[in-house]
Amino acid sequence: MNMKNVMFAAVIGLMATPMMAAADDHESSVEKTGGYISDAALTTKVKSVLALESELSAIDIGVETTDGVVTLSGAVESDAQIDLAEKVVEDLDGVKSVNNELTSP
C-alpha cells in the first residue's frame, strides 16, 4: 500500500468515528423513546382494565406511568374500591409497582 492510500484510509477512519458516536446517541434516544411508548401503552392497558371492572368507575381514577411504576389518583366511593383498583393493576404484565394515591370519603 502506498502512502497516499494509507493517508486516505486514516482520514476515512477519523471521519467515521463521530458518525459512529452519533449512532450510539441515536440508539439511546430510541431506547428512551421506546420506554416512553411502553409507559403510554401500559397506561392505556391499566385504564382499559379499570374500565372493565364493574365495581369501579374508571372515569374517577387517574393513571400515570413512569418506568413501569403506575400511579393511581382520584377519589372513589370506598376503601374497598381503593384496594380493588390496586389489586387489578398490580397483577398486570409490565407493572413494576403501584403508587396508590386514591382517596375515599
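As a reminder, the structure under discussion sits directly above these lines.
Here's a quick rundown of the structure. (Residues numbered from 1 in each chain as written. Predicted model: local features only at pLDDT ≥ 70, side-chain atom pairs only at ≥ 80, totals over all residues. Heavy atoms only, no water.)

1. A short note on the pattern of salt bridges
What counts is decided by this rule: When a carboxyl oxygen of Asp or Glu is within 4 Å of a side-chain nitrogen of Lys or Arg, the pair counts as a salt bridge. Exposed residues in this analysis have more than 50% of their type's maximum accessible area, buried residues have under 20%, and partly exposed residues fall in between, with area computed by a 1.4 Å probe over protein chains only.
What the rule picks out here adds up to one salt bridge. Its salt-bridge partner being Asp-91, residue Lys-87 comes within 3.0 Å of it at the nearest N-O pair. Judged by relative accessible area, which is 44%, Lys-87 ranks as partly exposed.

2. Digging into the sheet that holds strand E2 (residues 69–75)
Inclusion rule: The criterion for strand pairing is that DSSP finds at least two bridges linking the strands in question. Helix and strand assignments follow DSSP, with helices taken as H or I runs no shorter than four residues and strands as E runs no shorter than two, numbered in order from the N terminus. Between N-to-C directions, angles span 0 to 180 degrees; the directions come from axes that are lines fitted to C-alpha atoms, helices contributing only their stretch in contact. For this analysis, residues touch if any pair of their heavy atoms sits within 4.5 Å.
Strand order in the open sheet formed by three strands is E1-E2-E3, with mixed pairing between adjacent strands. Each edge of the open sheet is held by one strand with a lone partner, namely strand E1 (61–66) and strand E3 (97–103). Pairs of neighbouring strands in the sheet enclose a mean axial angle of 15 degrees, with direction left out of account. By the bridge criterion, six bridges tie E1 to E2 in an arrangement that is antiparallel. Note that in E2 the partner of Thr-66 across the bridge is Val-69. Against the sheet, helix H2 (residues 79–90) contacts E1, E2 and E3, and its axis sits at roughly 160 degrees relative to E3.

Functional significance is not addressed by these values, which are geometric in nature.
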